[in-house]
Amino acid sequence: MNQTISLRVNGLPETHEVPANQTLLQFLRETLDLTGAKEGCNEGECGACLVLLDGRAVNACLTLAVEADGREVTTIEGLGHAGDLHPLQAAFLKHAAVQCGFCTPGMIIAALGLLRDNPDPSEEDVRWAMSGNLCRCTGYRQIIDAVQEAAAAMRGDPAPEAAP
Amino acid sequence: MSEPRWIGQDVPRVDGVEKVTGAARYTADLKFPRMLHAHVVRSPHAHARVLDVRVEKALRVPGVRATATGREFPFHTGIYLKDQTIFATDRVRYWGDAVAAVAAETPEAAAEAAALVEVEYEPLPAIFEVDEGLQPGAPLVHPDLGHYECVPWVSPRAGTNVCNHVKVRKGDYEGALAACAHVFEHTFQVPQVQHVPLESHVAVARADLAGKVEVFTSAQSPFTVRHLLCACFSLPHGDVRVTVPAVGGGFGGKAGIGIEPVVVALAMKTRGRWVRLWIERAEEFYATVVRQGLTATLVSGVDRHGKVQAQKLHFLWNCGAYGGYGVNVVRAAGYTCGGAYEFPHVWGDSIGVYTNRPAGSAYRGFGMSEIHWALEQQMEMVAREMGIDPVEFRLRNCLGPGKSTVTGQVLDEHSGRVDRCITRVAEMLDLRPDRPRTPFHGAGMACAVKAPAMPNDASSSVVLKLAEDGVLEVLISGIDYGQGLKTVAAQFAAEAMDLPMESIRVRGNPDTDLSPYDWQTVASRQTWATGNAVLRAAEQLKTQLFAMAAQALGVPVSELECHNGSVVHPPSGRSLPITRLAMGYQFPDGHTIGGPVAAAASFVPEGLIFLDPETGQSPKPVAKWTFGAQALEVVVDPETGQYRVEKVAACYDVGKVVNPGMIHGQTYGGVMQGLGTGMMEELIVEKPSGRVANASLMDYKIPSTEDLPPEILVDYVETPQTDGPLGARGIGEHTMIPTAAALSNAIFDACGVRILEMPITAEKVLAGLKKQGSLGRCPGKTAASGSSAGDWGPGSGPDPGSGVRGPGSDLLPRSDVAGGEK
């Protein structure tokens, strides 16, 4: 059974007919070819598919596309691009917080969701907010450092000199 | 070379922007018009004869385009020992073994049809543990073991479950042991664990009507995949093209060949159509590959001065159902069995045993984490029993210049210095024996060593070429799956050519039709091997540039240098920008010399000598060693057995730090993966079904941000490697090798509980505390110590889980402890 949904994705309006059982992740990846959100486990355990739904980070694999009807979705593709990176993207690069990169879009979206609610998170806040995002490569240290530095940059605090 | 300009700098990852913006395309992201979707039919038995496979019902499902079975494709595959077929032919060997596959227009149709493939099985008795597999009369997992194709340096034993046996015999072990004042014997266990890359295995393939097979795959080794596909399907190399887009993690699980033959078989039955096989997370846990299990029995004979004189190491590897790659883990564990120590007299056996478990294979560390779990606890236990500070004991016994390894290789001053790493981590965590103590707080250390475990002729090659705008394009076929190879290759190229980083473009994501050959991205070999190849190719490139510039400037070649994007002649101060030479140099009158500038070069390690098959001796069995040490601080809760890692210190002799940010990332990542295996990870195989009970990220936990210790201190020693690029040697895998053992040593230091079976769960610690009789601190006593095990026969001994010894089996460990300490 199909249903028509209208939503905004990365600021642009989209209207599509979708199967009622299609996940938001399938819709984004297959219909819109937005492959930044990744399919890591399909059961909400890894966080690689995180997107913002009305500003809140959700697992796109556990959200139906029809649930996004009338709402605003932000994926990693809606943040920055070469030459104009979002402060979180720039901080991930500066802190060598990216390795294979498969978890990176979800990590950045999780951080963005956190910083919208809490612009000045403690390390504990960052750890807690991102504990649903698994990374097998980095060991998380540089990711946490990157999020805290990006938070400072987004608040307008003066940037520290160099990455460790 | 003068002070390096780029090597040692925090150059940002060259593929970073594509990864932080979501632009990077992984194999999982690829789509092709009318792409078909595959689903694999898997065995519901641990061990069974396959009597019949019927696909008629499956083919009637709407949208199904093809099925593939072992009857149609009875081809063997595997890298070192070809003990696997694409699909089961006569039998299945583990729960999840591939029996057939279906390709359909949608994933749903493929799954529905796969469920309708009818397979008739005759269940067979299954074995799950190594001691079962070695019993006389044990069911044979591979009755045809004697007929498989195999490289000459692997020794499968026909008529048994032994897929490889490496012997190391150095000095006079028995004589030396008899003269030792103290003898210690313990048995250690390591379970099977999974790699858990965030991108599971995925491959997309097409066989076209002209006979060309194209494969996109999430793999570590495009050329090895091509070579093994050609061997499997009897195809010429020119007809198989393998491309590796961005890879979402591998950790060894994507080394060698994996799911590619399955998808190629389906593609051959649906010519002209792309077929995609994506392994879902549950399947990834049991139906790809896992790290092998290990049962290690160690005997140490120590003289009155605290020097280990005689060391026995008996490794039984649980290789699971297939050992195509795992046989080389068995071999690596053999020639590295002494770890970072000098043992004058050694008796080593590393034995791979088939069982009806998921197949073992390469995993970050390649056997080293497992053997260090045993050896580094053994050394700690010996030191404590002898009343010697464990740091001092390690320094007294460790390898170093002039000392000889278990294979008789004598190390020199360029081989790396474990003693400096030990001393450094001891300083970082203040491990002085008289340091102030707090109850239930403890610290422990472990050393690490690893060599690249690879064929002696494993090689890398690169192509350097200049683009029209003077940008240097670096073509490599090593895979950057996160470790940073593309960036490192760019740094070496920029260094050698003295170019700014923005003048370098690395072309990774290799395509076997177009890219230079590289054996595999494994063994922590890429910085070293590809780095060397880049430096060599740069010399050739300079030769071409200088020949042109010498004519253009009218100066001798010998007086030319590269400097910041130009060829310069320092005596005259004249120079030519590389952009003027990239496509050849044109004189003012229009005549042109040279041409588009390009160079190729390769690297293969020199002077490697096979192990002697009877004694395991070789003056140079491997290309290089990387040494290191880690120490951990923990706090144990005596009420619950739960513990926290408060601080970690890590130090490695890497020869040369190439990129500080990235080497820190390797170290943090390795420490956390080591903590994962040490604290929480274990593949649970139910008996007798063989079903993997925790095949999800819900039930099989890997570390999250919540598990990150508050402090990880990192340092490096830089003893240059003679054949390393600017002295660098490998580090990627080494970072997780000592972690679990150091954790166990720290927990013992904190609460007196010695855990011999990985992982160290709170339940085990609590059980150990209870076994001590009180919840008090009991330093120096091991909860499960076997140091006075007596006659270690069936059903008794240090480790009740490990020990049934059947009459007539010569490969189970034989106790050397007669009455404990002498």
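Quantities reported herein were computed from a predicted structural model and do not represent experimental measurements.

What about the sheet that holds strand 14 (residues 275–278) of chain B?
All names here are of chain B. The sheet built from seven strands is open, its strands ordered 3-7-1-14-11-12-13 with mixed pairing. Strands at the two margins of the open sheet, each flanked by one partner only, are strand 3 (64–69) and strand 13 (240–243). Each adjacent strand pair in this sheet contributes to an overall mean axis angle of 20°, direction not counted. Lying over the sheet, helix 3 (residues 107–116) contacts strand 1 (36–42), strand 3 and strand 7 (98–104), oriented at roughly 25° with respect to strand 1. Each of strand 12 (213–217) and strand 13 is contacted by helix 6 (residues 222–233), which is oriented at about 150° to strand 13, the strand it contacts most.

Describing the domain arrangement of chain B
Interface extent is often summarised as the accessible area lost during association of the parts. All names here are of chain B. Annotation of chain B at the domain level lists domain 1 (32–124 + 201–278), domain 2 (164–193 + 290–454 + 611–771) and domain 3 (457–603). Distance from the C-alpha centre of domain 1 to the C-alpha centre of domain 3: 40 Å. Across the domain 1 to domain 3 interface the summed buried area is about 1500 Å²; carbon plus sulfur atoms make up 50%. The closest approach of N and O atoms between aspartate 511 and arginine 241, which form a salt bridge, is 2.5 Å.

Looking at the nonpolar core
A general tendency of soluble globular proteins is for nonpolar side chains to be buried together. Ranked by internal contacts, the top residues of the largest apolar core, which has 288 residues, are Phe92(A), Phe233(B), Phe315(B), Leu472(B), Val474(B), Leu545(B) and Leu743(B). Top contributing element to this core by residue count: helix 14 (residues 526–553) of chain B, with 15 residues. Once you skip the residues sitting within four places of it in the chain, Phe92(A) turns out to touch Ala97(A), Val98(A), Thr104(A), Met107(A), Ile108(A), Ile143(A), Ala146(A), Val147(A) and Val20(B).

Some thoughts on the environment of Leu541(B)
All names here are of chain B. Locating leucine 541 in the fold gives a position in helix 14. Overall, the relative accessible area of 0% leaves leucine 541 in the buried class. With 76 residues separating them in the primary sequence, leucine 541 and lysine 465 have C-alpha atoms 8.0 Å apart. Those residues in contact with leucine 541 that lie beyond four places of it in its chain are Leu464, Leu472, Met497, Val597, Ala598 and Ala599.

Let's talk about unusual backbone geometry
For the bond running from Lys687(B) to Pro688(B), omega is 5°, close enough to zero to count as cis. Considering the arrangement of structural elements, one finds Pro688(B) in the loop between helix 15 (660–679) and strand 32 (711–717). With an omega of -5°, the peptide bond running from Met758(B) to Pro759(B) counts as cis. The phi dihedral of Asn10(A) falls on the positive side, at around 50°, and the residue is not glycine. On the secondary structure map, Asn10(A) appears in the loop between strand 1 (2–9) and strand 2 (12–19). Judged by relative accessible area, which is 25%, Asn10(A) ranks as partly exposed. One non-glycine residue, Ser234(B), adopts positive backbone phi at about 55°. In this structure, Ser234(B) sits in the loop between helix 6 and strand 13. By relative accessible area, which is 64% here, Ser234(B) ends up exposed.

What to know about the interface of chain A and chain B
With 48 residues of chain A at the interface, the matching set in chain B holds 50 residues. Note on chain A versus chain B: buried area summed over both sides is about 4000 Å², and carbon and sulfur give 57% of it. Three residues, Phe102(A), Arg127(A) and Arg136(A), lead the burial of chain A against chain B; their summed loss comes to 21% of the area buried on that side. Between the two partners, chain A and chain B, sit six salt bridges.

As for the packing of aromatic side chains
To describe a pair of aromatic rings, you give the distance between the ring centres and the angle between the ring planes. All names here are of chain B. With the rule as written, the count across this model stands at 18 aromatic pairs over all chains. Look at phenylalanine 75 and phenylalanine 233: their rings are 5.8 Å apart centre to centre, the planes differ by 80°, and that puts the pair in the edge-to-face class. With a gap of 158 residues between them, phenylalanine 75 in the loop between strand 3 and strand 4 (76–77) and phenylalanine 233 in helix 6 connect regions that are remote in the sequence. A relative accessible area of 28% means that phenylalanine 75 is categorised as partly exposed. Its relative accessible area of 8% is what places phenylalanine 233 among the buried residues. Residues tyrosine 94 and tyrosine 322 carry aromatic rings whose centres are separated by 6.3 Å and whose planes lie at 80° to one another, so their mutual orientation is edge-to-face.

Analysis parameters
Residues numbered from 1 in each chain as written. Chains lettered and ligands numbered in written order. Predicted model: local features only at pLDDT ≥ 70, side-chain atom pairs only at ≥ 80, totals over all residues. Heavy atoms only, no water. Pairing = 2+ DSSP bridges. Helix = DSSP H or I, 4+ residues; strand = E, 2+ residues; numbered from the N terminus. Axes fitted to C-alpha atoms, helices over the stretch in contact; angles between N-to-C directions. Contact = heavy atoms within 4.5 Å. Domains from an automatic or database assignment. Buried area = accessible area lost by both parts, 1.4 Å probe. Salt bridge = Lys/Arg side-chain N within 4 Å of Asp/Glu carboxyl O. Core = buried A, V, L, I, M, F, W, Y, C linked by side-chain atoms within 4.5 Å. Buried < 20%, exposed > 50% of the residue type's maximum accessible area, 1.4 Å probe, protein only. Phe/Tyr/Trp six-rings, centres within 6.5 Å; stacked < 30°, edge-to-face > 60°.

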